[in-house]
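# Coordinates in review
Listed below are the residues making up each chain.
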Amino acid sequence: MEKILKLIEKDLKKLEHAIDSLDSTDVKIIKKMVNHIIKSGGKRVRPILVILTSKLCGFKGQKHIKYAAVIEFIHTATLLHDDVVDNAEVRRGSSTVNTLWGNEASVLVGDFLYSKSFELMSKDGNSKIIEAVSGATTILSEGEILELLKTSDPSTTEEEYFDIIYKKTAILFSVACEIGAILAKADSKKKQLLKEYGKNLGIAFQLVDDLLDYTAQENKFGKQIGTDLKEGKVTLPLIHALRYANEEEKTLIKEKLADKSATNDDFEKIKGIIDKYGGFEYTYNTTKRYIEGSRKCLEGFRPSKYRDALMALTDMMLTRKV
Ligand code: FPP
Ligand code: MG
């Protein structure tokens, strides 16, 4: 990671500056709430993708910084909404905006950032980018709704799960990479490869997120662990376990999912069941397949320091603890 950060050090400084200045508003409390989440140590993975893919395709201008900031704004807007939907109390090691200022404020500040993003893009007037990003945010909302519909449903299939994580998470990774290709006027084959790279990387990212929700150390993860089970979210480790669990184990899982009543003890028990049937290993191995997929896409590009950085990002995804 350090190597990647070094390579685009100047751009990352400009990105922070853009994040500070582009969300300007006369309403001071909005800025305070935005800063609370946006300055709280996010990894900036999505904006880094905009920067690296644009450079990979030979972009020489400065607009990639603005679009990188826009992608981080959209990501932040989705988190502000998602933390309300999920009733989340902690993110990035701090209290969430909904905990500190209430659900209404969190949703509305999300709306502000989301609108600001489209205002910034429309001012720049690149219709291809606006089309790609607006298409992606529609899919993103669909993903979050599909997830909501599947809450507490123990019959959720692996296929349905992958559809949800593609939509709610991977689509934003994919469009971040697409922006890089569009800015650099890359040919359609390269654009397609970068979209596919982002999609695979994003799916891997969410798989690891869902794995860490069971296995992470809370003080490192920056979020509470065990929340997926407690909220009735059926993720891959659990889907795998449900395929092999005996009747008694299945009944326990179904009961806890149905009334979202899992205590810490239930969490430990169910974590043990998942482990017994290799659910964590299965999820990790599946992640590796997606990481392989993303690396394959990069092979369509000539070797360069930017390609190396995008490759390195795939390794980082597999080993991340936060
Ligand atoms: C995090 O998932 C949530 C997302 C990646 C997507 C959230 C999308 C929306 C709320 C809808 C669209 C909103 C806009 C502004 C277009 P998670 O809950 O599994 O991850 P977490 O553990 O980090 O909360
Ligand atoms: Mg959430």
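Preceding this paragraph is the structure being described.
The structure contained in this document is the topic of the report that follows. Bear in mind that the values here come from a model prediction, so they are computed numbers and not experimental data.

For the chain, the count of helices and strands is 17 helices and two strands. The C-alpha atoms of the chain give a radius of gyration of 20 Å, which matches the 20 Å a tight globule of 322 residues would have. Once the C-alpha set of the chain is aligned to its principal axes, its extents read approximately 60 × 45 × 30 Å. Relative to its 322 residues, the chain shows a buried fraction of 53%.

In this section: the site of ligand 1. Near ligand 1 lie 16 residues; those nearest to it are Asp86, Arg91, Lys168, Lys223 and Lys233. Measuring from an oxygen atom of ligand 1, one finds a side-chain N or O atom of Asp82 at 2.9 Å. Within the side chain of Lys223, a nitrogen or oxygen atom sits 2.7 Å from an oxygen atom of ligand 1. When ligand 1 is considered free in solution it has 640 Å² of accessible area, and contact with the protein chains removes 90% of it. Elements supplying a minimum of two residues to the shell around ligand 1: α5 (63–85), α8 (127–149), α9 (158–183) and α10 (188–215). Of all the elements, α5 adds the most residues to the shell around ligand 1, at four residues. Across the shell around ligand 1, the residue classes break down as three nonpolar, five polar and eight charged.

Attention now moves to the packing of α10 against helix α16 (residues 279–298). Angle between the axes and distance between the axes are the two parameters that describe a pair of packed helices. In contact at an axis separation of 8 Å, α10 and α16 are set at 160 degrees when each is read in the N-to-C sense. When the axes of α10 and α16 are compared, the pair comes out roughly antiparallel. Crossing hand, α10 versus α16: left-handed. Of the residues belonging to the contact of α10 with α16, the class tally is 16 nonpolar, seven polar and one charged.

Assignment of secondary structure puts Glu158 in helix α9. According to the relative accessible area criterion, Glu158 is buried, its value standing at 19%. Discounting residues that sit within four places of it in the chain, Glu158 has contacts with Leu236, Ile239, Arg243 and Tyr282.

Let us look at the packing of aromatic side chains. For the structure on display, the rule yields seven aromatic pairs. Arranged with centres 5.2 Å apart and planes meeting at 45 degrees, the rings of Phe173 and Phe205 form a pair that is tilted. Here the residue Phe173 occupies a position in helix α9, and Phe205 occupies one in helix α10, the gap between them amounting to 32 residues. Exposure class is identical for Phe173 and Phe205. Each is buried. Relative to Phe280, the ring of Tyr214 lies with its centre 5.7 Å away and its plane at 50 degrees, an arrangement referred to as tilted.

Bringing the side chain of Ser54 into the picture now. Tracing the backbone shows Ser54 in helix α4 (residues 45–56). Given the relative accessible area of 0%, Ser54 is considered buried. In this view, Ser54 contacts Phe59, His64, Gly180 and Ala184; residues no more than four positions away in its chain are not counted.

What counts, and at which threshold
- Residues numbered from 1 in each chain as written.
- Chains lettered and ligands numbered in written order.
- Predicted model: local features only at pLDDT ≥ 70, side-chain atom pairs only at ≥ 80, totals over all residues.
- Heavy atoms only, no water.
- Helix = DSSP H or I, 4+ residues; strand = E, 2+ residues; numbered from the N terminus.
- Rg over C-alpha atoms; globule rule 2.2 N^0.38 Å.
- Buried < 20%, exposed > 50% of the residue type's maximum accessible area, 1.4 Å probe, protein only.
- Near = heavy atom within 4 Å.
- Polar contact = N/O pair within 3.5 Å; in protein donor to acceptor, adjacent residues only side chain to side chain.
- Areas by Shrake-Rupley, 256 points an atom, 1.4 Å probe, with all protein chains shown as cover.
- Nonpolar A, V, L, I, M, F, W, Y, C, P; charged D, E, K, R; others polar.
- Axes fitted to C-alpha atoms, helices over the stretch in contact; angles between N-to-C directions.
- Parallel < 35°, antiparallel > 145°, perpendicular 65-115°, else oblique.
- Left-handed = near helix turned anticlockwise from the far one by under 90°.
- Contact = heavy atoms within 4.5 Å.
- Phe/Tyr/Trp six-rings, centres within 6.5 Å; stacked < 30°, edge-to-face > 60°.

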